[in-house]
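A look at the structure
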Amino acid sequence: MTSPNDERTANPLLADVPAVIGILGDPVDFRAMHRLAAVPLDDYGTYLGHVEALLRSHTAKGQHTIAVLINPSDYTDFCNQRSRDPADPLSRALFTATEAASATHVVYEGQDLHELMGTLADRAAEHVTWDIASGLLLSLGACSRCGHDIGSAALQKATRLLAALLNGVGPQGSSRLVCSFIFENNPLAASLNVTHETADVLAEATPIEAVRYTTILAAALAMGGPGGVVMRTTPSGPDARERVCGWRILHGRLAPLTAAEVFDAYCTGPTPGDLVGPESGVDYCAGFELPEDTEEPVHRH
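Take the pattern of salt bridges next. Summed over all chains, the structure comprises six salt bridges. For the salt bridge of E126 with R212, the shortest nitrogen-to-oxygen distance reads 3.6 Å. Of this pair, E126 sits in helix 6 (residues 113-139) while R212 sits in helix 8 (residues 207-223); the two residues are 86 residues apart in sequence, bridging distant segments of the chain. We note a salt bridge from E242 to R232, for which the minimum N-O separation is 2.9 Å. Here R232 lies in strand 6 (residues 227-234) and E242 lies in strand 7 (residues 242-250), a separation of 10 residues in the sequence.

In a regular helix each residue adds 1.5 Å, so 17 residues correspond to 24 Å; helix 3 (residues 44-60) covers 24 Å between its end C-alpha atoms and thus fits that length. Among the residues making up helix 3, those that are buried are Y44, Y47, L48, V51, L55 and H58. Down the axis of helix 3, the buried side of the element spans an arc of 100°, and every buried residue falls inside it. In the core, the buried residues of helix 3 are packed alongside strand 1 (19-23), helix 2 (27-35), strand 2 (65-69) and helix 6. Between the side-chain oxygen at the start of helix 3 and the backbone nitrogen of G45 there is a gap of 3.1 Å, and the oxygen is on D43.

Attention now moves to the sheet that holds strand 3 (residues 106-107). The three strands lie next to each other as 1-2-3, forming an open sheet whose pairing is mixed. Each having just a single partner strand, strand 1 and strand 3 make up the two edges of the open sheet. Relative to strand 2, strand 1 runs parallel, the two being bridged by five bridges. By the bridge assignment for strand 2, G22 is matched with V68. Each of strand 1 and strand 2 touches helix 3; the most contacted strand, strand 1, lies at about 165° to it. Each of strand 1, strand 2 and strand 3 is contacted by helix 6, which is oriented at about 60° to strand 2, the strand it contacts most.

This part is about helix 7 (residues 150-169). The terminal C-alpha atoms of helix 7 lie 29 Å apart, and with 20 residues this matches the ideal 28 Å at 1.5 Å per residue to within 8%. All of the buried residues along helix 7 are I150, G151, A154, K157, A158, L161, L162, A164, L165, L166 and V169. Between the side-chain oxygen at the start of helix 7 and the backbone nitrogen of G151 there is a gap of 3.3 Å, and the oxygen is on D149.

Time to look at the packing of aromatic side chains. Throughout the structure, instances matching the rule amount to seven aromatic pairs. Note on Y75 and F95: the rings are 5.3 Å apart at their centroids and 65° apart in plane angle, and the pair reads as edge-to-face. Pair noted here: Y75 is in helix 4 (residues 72-82) and F95 is in helix 5 (residues 89-100), with a separation of 20 residues, a long-range link. The pair Y75 / F95 is uniform in exposure class, with both members buried. Relative to F288, the ring of W247 lies with its centre 5.1 Å away and its plane at 80°, an arrangement referred to as edge-to-face. Residue W247 is located in strand 7, and its partner F288 is located in the segment after strand 9 (282-284); the two are separated by 41 residues in the primary sequence. Here W247 falls in the buried class, since its relative accessible area comes to 1%. Through a chain of ring-to-ring contacts, three or more aromatic side chains come together here, namely F30, Y44 and Y47.

Rules and cut-offs
- Residues numbered from 1 in each chain as written.
- Predicted model: local features only at pLDDT ≥ 70, side-chain atom pairs only at ≥ 80, totals over all residues.
- Heavy atoms only, no water.
- Salt bridge = Lys/Arg side-chain N within 4 Å of Asp/Glu carboxyl O.
- Helix = DSSP H or I, 4+ residues; strand = E, 2+ residues; numbered from the N terminus.
- Expected span 1.5 Å × (residues − 1).
- Buried < 20%, exposed > 50% of the residue type's maximum accessible area, 1.4 Å probe, protein only.
- Arc of directions from axis to C-beta.
- Contact = heavy atoms within 4.5 Å.
- Polar contact = N/O pair within 3.5 Å; in protein donor to acceptor, adjacent residues only side chain to side chain.
- Pairing = 2+ DSSP bridges.
- Axes fitted to C-alpha atoms, helices over the stretch in contact; angles between N-to-C directions.
- Phe/Tyr/Trp six-rings, centres within 6.5 Å; stacked < 30°, edge-to-face > 60°.

Written out as structure tokens, the structure is:
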């Protein structure tokens with residue numbers, strides 16, 4: 001039997017070839033692909049066992065491996081548009097490679113399969129949210145008062161506000177920001193993780209996360225809310241206390257919440273009157289004033 005080391009010796013370029021593996025995220029999607037004769041197995045549990053074995057096999061060979069979620073509806077559209085047979089393994093391979101080029105793939109690093117699938121599902125949801133917010137900004141057109149493109153103005157304002165938020169914390173520790181708002185009864189949200197290690201804090205963020213966060217914030221500003229921004233900062237140092245502060249999205253601006261409002265938001269359960277105890281070692285603070293938010297709000301029709 002040939003070992004992974006033997007394979008690498010026989011072909012030293014093997015480790016340079018990335019592996020892409022498509023995963024069906026739940027039994028419903030599995031059955032849909034099975035009806036298309038696009039998966040050669042009958043049982044979802046057995047299928048997941050083969051997926052995990054394949055992932056570990058590629059890792060053992062030293063190959064860089066990424067995983068993507070397979071959406072049966074998207075796969076059907078892909079095959080129809082290209083007049084391809086969905087039962088053809090090459091069709092699945094081409095579709096999986098196409099999906100891997102999107103922002104929803106996850107690098108496999110030996111993590112538990114269910115953890116990997118959970119991360120994939122989160123990435124897919126984030127991508128959908130990004131698409132909705134981007135489409136919303138594109139649909140707003142030009143301001144009837146000044147003629148400026150509303151979406152572009154909102155993105156510029158969101159970029160300045162994000163920089164002001166991060167610079168307002170100071171050079172210490174790390175922060176997690178969450179922006180959320182309601183659009184047509186659908187909650188849209190994005191998060192951003194940064195470390196405060198340089199003068200340009202935003203440069204420390206993951207580019208795709210920064211773009212996604214800015215897009216959601218821009219859409220919230222353009223629509224005027226309702227929504228808000230919460231920032232949780234973990235200062236450096238063993239005895240430092242975490243701080244949570246927040247802002248309400250109001251009329252195209254970020255209005256600072258008071259410390260009491262931040263406390264209430266974190267210590268009130270989903271049911272009215274249901275109280276949750278404050279976290280140990282956390283200070284609930286008022287949002288600070290943002291210099292960039294003294295400008296005119298983003299224009300709307």
